[in-house]
Amino acid sequence: TRLVSDWSSDVCSSNLGDGLADRLIDVAIAGFDALSDALALSGYASSDLQIVAFDNDAVVIYEGALGAGSNNAFVGVMPSGDTSFQTALQATIGALDAMGPGDNRVVFVSDGAPTDGASFMDEVQTLTDPNGLDAHITALGIGAGASLFHLDLVDDATFNSSATLLGRSEERRVGKECRSRW
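These remarks concern the structure in this document. Please read all numbers here as calculations on a predicted model, not as lab measurements. (Residues numbered from 1 in each chain as written. Predicted model: local features only at pLDDT ≥ 70, side-chain atom pairs only at ≥ 80, totals over all residues. Heavy atoms only, no water.)

## Some words on the pattern of salt bridges
Charged atoms that come close allow side chains of opposite charge to pair.
Logical step 1: All chains considered together, the criterion is met by one salt bridge.
Logical step 2: Between R105 and D103 there is a salt bridge, and its shortest N-O distance comes to 3.3 Å.
Logical step 3: The class for D103 is partly exposed, based on a relative accessible area of 43%. (Salt bridge = Lys/Arg side-chain N within 4 Å of Asp/Glu carboxyl O. Buried < 20%, exposed > 50% of the residue type's maximum accessible area, 1.4 Å probe, protein only.)

## Quick look at the environment of A45
Logical step 1: Looking at the secondary structure, you find A45 in the loop between α2 (24–44) and β2 (48–54).
Logical step 2: Given a relative accessible area of 42%, A45 falls into the partly exposed group.
Logical step 3: Distance from A45 to A65, taken between C-alpha atoms, is 8.0 Å for residues 20 residues apart in sequence.
Logical step 4: Not counting residues within four places of it along the chain, the set of residues in contact with A45 comprises L39, A40 and L66. (Helix = DSSP H or I, 4+ residues; strand = E, 2+ residues; numbered from the N terminus. Contact = heavy atoms within 4.5 Å.)

## Examining the nonpolar core
Logical step 1: The biggest cluster of nonpolar side chains holds 20 residues, and the ones touching the most others in it are F85, L89, F108, F120, L127, L151 and V154.
Logical step 2: When contributions to this core are tallied by element, the ones reaching two or more residues are α3 (85–99), β4 (105–110), α4 (121–128), β5 (136–142) and α5 (148–156).
Logical step 3: Considering each element in turn, this core owes the most residues, five residues, to α3.
Logical step 4: When neighbours within four sequence positions are excluded, L127 is seen to be in contact with L89, T92, I93, L96, L133, D134, A135 and I137.
Logical step 5: One finds F74, V109, I142 and L166 within the second-largest nonpolar core, a separate group that totals 15 residues. (Core = buried A, V, L, I, M, F, W, Y, C linked by side-chain atoms within 4.5 Å.)

Here you go:
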């Protein structure tokens, strides 16, 4: 299981657009906690997990077993820069390749749209190729600025309204959403 999370500067400075003080990062972290719990309950408790945080760059901020300290992975990560879906997906491909064969599940979380102008469709094709990594991608948007159009293309390379937008009090839906798709 791999979690790819947008860590651009907007994630930690923006609110959800509902006039309340919640930061998008609070939703992302609460959502990750709900996702971890849902994965454990769905039989993935012994899964290997990598968390990739991204902005202009992408970095693996956690690698290990689900629940073995993964809930603290976001502590100390400083957001900066813009949003590069291509960079994030390239890092995800590298992470999956490094982990070897297995049931590849990717949760892609972002609060916006790609800002670098780079296409990411080749990376989506590489990830979802049934003769290759054969990854199942769930794309989730957080906050009013999330681009469901772009996220929809991330999760299955098709604009078919399959991405999910989360907002205030919806972070608990992350686990349920992923569990229903897997």
